[in-house]
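Coordinate inspection notes
So the chains spell out like this:
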Amino acid sequence: MEENKRIPAHVSIIMDGNGRWAEERGKERVYGHAAGVESVRACTEAAVETGVRYLSLFAFSEENWNRPEHEVHTLMELMVKAMKDELPVMMKNGVRFVVLGNRSRLSPSLNEMIDGCMEETSANDRLVLIIFLSYSGKWDILEAAKKYAREIVEHPERRDSLLAMGTDGFGRYLATDGIPDPDLIIRTSGECRISNYLLWQAAYSEFLFTDVLWPDFRKEEFRQALQEYAKRDRRYGKVK
Ligand code: IPE
Ligand code: IPE
Ligand code: MG
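In this convention, every chain numbers its residues from 1, walking through the sequence in written order. Chain letters and ligand numbers both follow the written order, the letters beginning at A and the numbers at 1. With pLDDT at 70 or above as the cut-off, local features in this predicted model cover only qualifying residues; side-chain atom pairs require 80 or more to be listed or tallied, and sums for whole chains, interfaces and linings still use all residues. Each side-chain value is worked out from all heavy atoms of the structure, with water and hydrogens disregarded.

Moving on: the overall build of the protein chain. Numbering goes from the N terminus for both helices and strands, where a helix is a DSSP run of H or I of at least four residues and a strand is a run of E of at least two. When you go through the protein chain residue by residue, the secondary structure sums to eight helices and six strands. Starting at the N terminus and walking to the C terminus, you meet the elements of the protein chain as β-α-α-β-α-β-α-β-α-α-α-β-β-α. Based on the C-alpha atoms only, the size of the protein chain along its principal axes is roughly 60 × 50 × 35 Å. Per-residue accessibility, obtained with a 1.4 Å probe over protein chains only, is compared with the maximum for each type, and a residue is labelled buried under 20%, exposed over 50%, and partly exposed between these values. Taken across its 240 residues, the protein chain has 50% of its residues classed as buried. Residues count as neighbours in contact if any of their non-hydrogen atoms are within 4.5 Å of one another. Sequence-distant contacts, at least 24 apart, represent 78% of the contacts inside the protein chain between residues at least 6 apart. Each accessible area value is a Shrake-Rupley result obtained with a 1.4 Å probe; residue values ignore everything except the protein chains displayed when judging cover. On the protein chain, roughly 12,500 Å² of surface is accessible, and the fraction owed to carbon and sulfur atoms is 51%. Residues scored as positive are Lys and Arg, those scored as negative are Asp and Glu, and His as well as the terminal groups of each chain are ignored. A charged residue contributes its charge at one atom only: NZ of Lys, CZ of Arg, CG of Asp or CD of Glu. Taken as two groups, the 34 positive and 39 negative side-chain charges of the protein chain have centres that lie 3 Å from each other.

Structural data, given as structure tokens:
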């Protein structure tokens, strides 16, 4: 099969267009977010089926806290519900669940739920599903820089080796430590921007922008994206 030719290890999706999907149907925006949860399930299954090892999803940005309180509240409620509903499915499919982002802004009950899910799925090894929640790329890089600076101050004996560190070394201070950089970043809904997502990690990612709104992005669309990826020629600055 064409899609098996070159399977990306890490697929990342900026899930956009829920609000417009709902508005097209004369419904409230939050209706689109609920429909979007179905796409999360479909893409997770498709990732397991196609042999993708890491699937990461941008679920809520630091900037999204500026949305109306009702929408933010409903989104957080949906996260809790989705985690409850999907836990047995993740266990069945061998999915390890990870949440990355500024968790200090999340409610204690949501944090507790996340910890429980991460703990319970920690030994699963078919797919790592990473949810970026209250995340922004600039926040991630700033936090990494603070950790790095703190280490230099607190460990003068390691100062020289820390200062000699290269970009791979610095990458280990990011929230995504241990996770390979995304091979493919998909953004739905026709917007062609990064919206403060994985700024450092996207250095050599392939990008795919599609007009499909997130609630309509299902298995077929996921498989098509992998087919498109298989045609790309990744050169990393070299001459072929
Ligand atoms: C993506 O859909 C979900 C989040 C950003 C939380 P949007 O809510 O951004 O939908 P549009 O872009 O307004 O259609
Ligand atoms: C990006 O979508 C964030 C997520 C998908 C979580 P937005 O809808 O918030 O992005 P902008 O505001 O259109 O750039
Ligand atoms: Mg949007």
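Next comes the rest of the description.
Among the secondary structure elements, Arg187 is positioned in strand β5 (residues 184-187). For Arg187, the side chain forms a polar contact with the main-chain oxygen of Arg193, separated by 2.7 Å. Look past the residues within four positions of Arg187 in its chain and what remains in contact with it is Ile14, Asp16, Arg193, Ile194, Ser195, Leu208, Phe209 and Thr210. Identification of polar contacts relies on pairs of N or O atoms within 3.5 Å, with a donor-acceptor requirement for protein atoms, meaning one able to donate a hydrogen and the other able to accept it, and with residues adjacent in sequence counted only if both atoms are side-chain atoms.

Before going further, it helps to examine the packing of aromatic side chains. Within a pair of aromatic rings, the relevant descriptors are the distance that separates the centres and the angle that separates the planes. Aromatic contacts are taken between Phe, Tyr and Trp rings whose centres are within 6.5 Å, Trp giving its six-membered ring; a plane angle under 30 degrees counts as stacked, one over 60 as edge-to-face, and the others as tilted. Under the definition given, this model contains 15 aromatic pairs. Ring geometry for Phe132 and Tyr197: centres 5.4 Å apart, planes at 90 degrees, overall edge-to-face. Placement of the pair is Phe132 in strand β4 (residues 127-135) and Tyr197 in the loop between β5 and β6 (206-209), with a sequence separation of 65 residues. Tyr197 shares its class with Phe132; the two are buried. Plain terms: the ring middles of Phe207 and Phe209 are 6.0 Å apart, the flat faces sit at 10 degrees to each other, and that makes the pair stacked. A residue is classified by how much of its surface remains accessible, and Phe209, at 39% relative accessible area, is partly exposed. Members of the aromatic cluster, each reached through a chain of ring pairs, are Phe58, Phe132, Tyr135, Trp139 and Tyr197. Across the ring face of Trp21, the terminal group of Arg25 is positioned such that the distance to the ring centre comes to 3.9 Å. Above the face of the Tyr31 ring, Lys27 is positioned so that its terminal group lies 4.5 Å from the ring centre. Sitting over a ring, as applied to charges here, requires NZ of Lys or CZ of Arg to be within 6 Å of the ring centre and within 35 degrees of the ring normal.

Two strands are counted as paired when DSSP detects at least two bridges linking them. Here six strands make up an open sheet; going across it, the order is β3-β4-β2-β1-β5-β6 and the pairing parallel. The open sheet terminates on both sides in strands that have one partner only, identified here as β3 (95-100) and β6. Here the average twist between neighbouring strands, direction ignored, is 20 degrees. Note that β3 and β4 share six bridges and pair parallel. When the bridges of β4 are listed, Val99 appears paired with Ile131. Of the strands in this sheet, β2 (54-61), β3 and β4 touch helix α3 (residues 69-93), which is tilted by about 165 degrees from β2. Here an angle of 0 to 180 degrees is reported between the N-to-C directions of two axes, which are lines fitted to C-alpha atoms, with helices fitted over the stretch in contact.

A word on α3. Expected helix span is given by 1.5 Å per residue-to-residue step, counting one fewer step than there are residues. Between its first and last C-alpha atoms α3 spans 35 Å; for 25 residues at 1.5 Å apiece the expected length is 36 Å, and the two agree. Count one or two residues on from α3 and you reach Gly94, which has phi positive near 70 degrees.

Note on definitions. A residue lies near a molecule or strand when any single heavy atom of the residue is within 4 Å of it. Taken together, 13 residues sit near ligand 1, with Asp16, Gly19, Arg20, Arg29 and Arg67 positioned nearest. In this structure, Arg29 approaches ligand 1 through a side-chain N or O atom, which is 2.8 Å from an oxygen atom. Taking 370 Å² as the accessible area of ligand 1 by itself, protein coverage stands at 87%. Looking at the shell around ligand 1, the elements that each hand over two or more residues are α1 (18-24), α2 (29-50) and α3. The dominant element in the shell around ligand 1, judged by the number of residues it contributes, is α1, at three residues.

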